[in-house]
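# Summary of structural features
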Amino acid sequence: AYGSVSGVGKGGTGTLSVDGKVVDTKDMKNTIPSILQWDESFDIARHVHRIAVPSPGGMRELAALCGYLHEQKLDRDRPLWEIWLVEGLEDGKVALYMKTHHALMDGMKGNDLSVVLCDLEPEPATVPATPELKDDRSAPSGIGRTLEGLGNLIGLPGRVASYGLQAIRRGASMLPYVIEQGTGALPSPSVPRLRFNGELSRHRGFACTSLRLDEVKAVKDAAGVKLNDVAIEICGTAMKKYSERNGESIHGSLAVSCPVSTRTAADKEAANKVASMVVSCASDVSDPVKRLEAIHQSSVHAKEVLTRARRTPIQSIGEVFPPSIVNLGFRALGSLAEYAGTVPANAVVSNVPGPPLQLYIAGARVQRVFPISVLATTQGLNFTLVSFLDRLDVGITIDPELVPDPWELAACVDEAFAELRDAVLGPGASRGLEVDRSAGKRPSHRKRAGRVVLPEPRSIAAA
């Protein structure tokens, strides 16, 4: 499951622009995935809960509570989502923690769902009526689920054969490129395995930090790279600092896996459409500026490989094999990585553009959006960064059995960015940068085109 959390101040209901149009009560039923609508015994009290953090109600107390909530399994007998209203925070703030199972939707579709929770002003002119969501389908019976399972089992050999042919076609289409590029077309086979690259436990933890967005963009522009490259440099350097301070020596370069959405603008299906690319962190390059340049080149190359590979379609492995077999396969890969002493990637780094405008929920002003994400096999660490107004909020999801102190890691993120900023812009450059607050102004729906999205992998704005 994945989710996120935000703290807010005091501040309705209203509308947002989705796919270039204003979302109102007529559109909400088209924005919310239909899979959420057909629980015949639906009770909102089973999904929306109220809880409080202990005193003093700071960010560490909130993060500890969210880590605990994040590790709890969702009830499989009900729609796989829940929201927690968290009270007791310092300065009279409250937060929303929202969790949705990854099987329900991917992050982009989750963004659409989260948009309808938010308003553009604390006191909108009109309060939309609650839409009537109807669905003629009924929940499947036990016999129906059994027959469906048998049908899936009978069709397994055909799906495996089809998947094998697709894999062969993709391999054949990539062969000329691999021959042309040599081993450089493939991910590095020698990524060092760190202490957080082990078998995952059932526990989850969370920490966060926040960077000035104007400083991050200034570094990006001065270096001539993408914001995602800056994010990878910061997180890769933070991982190296954290590991070395905990007695690990690193030989070679770390690498991260970066999720890439494959969903088109016209795609309305509530499903998972995400690919992944592996990017080197250039950890063996000591100079921050040269390291950022190397990361940029690795990212450009990884995107090229992914683009070429996707020219030949292939099914998602989750659509071919039953979950139990997929789980066993990933466990086998984890054991193989432990035996080999290397991993495909050390962690996940995801950079998500957030809404460049002030948001409200039930009259409260959203101040921060910290995403809490999923952990992949052999990767007890996930960085997800969300730009919101004048900040770049960094959510760090961890397995506490593998990363005992995520707040030390968050401090390493701050240090890594300060070093990169001073190397690119010069010492003291941050004092000359002013935060552009014009992004917080309400846009004109008549003039503004495009898409306003909330952070992925599960937005959660706060009320």
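Since we're looking at a predicted model, the values are computed, not measured.

Parameters and conventions
Residues numbered from 1 in each chain as written. Predicted model: local features only at pLDDT ≥ 70, side-chain atom pairs only at ≥ 80, totals over all residues. Heavy atoms only, no water. Helix = DSSP H or I, 4+ residues; strand = E, 2+ residues; numbered from the N terminus. Buried < 20%, exposed > 50% of the residue type's maximum accessible area, 1.4 Å probe, protein only. Areas by Shrake-Rupley, 256 points an atom, 1.4 Å probe, with all protein chains shown as cover. Axes fitted to C-alpha atoms, helices over the stretch in contact; angles between N-to-C directions. Parallel < 35°, antiparallel > 145°, perpendicular 65-115°, else oblique. Contact = heavy atoms within 4.5 Å. Nonpolar A, V, L, I, M, F, W, Y, C, P; charged D, E, K, R; others polar. Pairing = 2+ DSSP bridges. Salt bridge = Lys/Arg side-chain N within 4 Å of Asp/Glu carboxyl O. Core = buried A, V, L, I, M, F, W, Y, C linked by side-chain atoms within 4.5 Å. Right-handed = clockwise from strand over helix to strand, strands pointing away. pLDDT = per-residue confidence, 0-100.

### Quick word on the overall build of the chain
Scanning the chain for helices and strands turns up ten helices and 15 strands. Out of the 463 residues in the chain, the part that is buried amounts to 46%. Accessible surface, the chain: about 22600 Å² in total, of which carbon and sulfur atoms supply 55%.

### Digging into the packing of helix H4 (residues 142-154) against helix H5 (residues 156-181)
Helices that pack against each other are described as a pair by the angle of their axes relative to one another and the distance between those axes. The contact between H4 and H5 brings their axes to 4 Å, and the two run at 45°. Considering their axes alone, H4 and H5 lie oblique with respect to each other. Here Asn-152, Leu-153 and Ile-154 of H4 come into contact with H5, specifically with Leu-156, Pro-157 and Arg-159. Looking at the contact of H4 with H5 residue by residue, the class counts come to four nonpolar, one polar and one charged.

### Considering the pairing of strand S6 (residues 94-100)
Within S6, six of the seven residues are buried, leaving the element largely enclosed by the surrounding structure. Of the pairings in the sheet, the one linking strand S5 (residues 81-87) to S6 comprises six bridges and is antiparallel in character. In the strand pairing of S6, Trp-84 is matched with Tyr-97.

### Section: the pattern of salt bridges
Here the structure, examined in full by the defined rule, presents 13 salt bridges. Residue Arg-245 is joined to Glu-415 by a salt bridge in which the shortest nitrogen-to-oxygen separation is 2.5 Å. Of this pair, Arg-245 sits in helix H7 (residues 227-245) while Glu-415 sits in helix H10 (residues 406-425); the two residues are 170 residues apart in sequence, bridging distant segments of the chain. A cluster of three or more residues bridged by salt bridges with shared partners is formed by Arg-212, Asp-214, Glu-215, Arg-421 and Asp-422.

### As for the nonpolar core
Core analysis: the biggest nonpolar cluster contains 64 residues, and Met-239, Leu-381, Phe-383 and Ile-396 have the highest contact counts within it. Broken down by element, the residue count for this core peaks at nine residues, all from H7. Beyond its immediate stretch of four places on either side in the chain, Phe-383 contacts Cys-235, Met-239, Val-348, Val-349, Ser-350, Gly-395, Ile-396, Leu-409 and Val-413. The next biggest cluster of nonpolar side chains, apart from the first, holds twelve residues, and it includes Met-98, Cys-118, Leu-357 and Val-369.

### Description of the pairing of strand S4 (residues 48-52)
Alignment of S4 against S5, held across five bridges, turns out to be parallel. By the bridge assignment, His-49 is partnered in S5 with Trp-84. Considered for its hand, the β-α-β crossover made up of S4, helix H2 (residues 59-71) and S5 is right-handed.

### Regarding the confidence of the model for the chain
Averaged over every residue, the pLDDT of the chain is 77; the share at 70 or more is 72%. Taken together, the stretch residues 434-463 has pLDDT below 50 and engages in 103 contacts with residues farther than four places along the chain or on a different chain.

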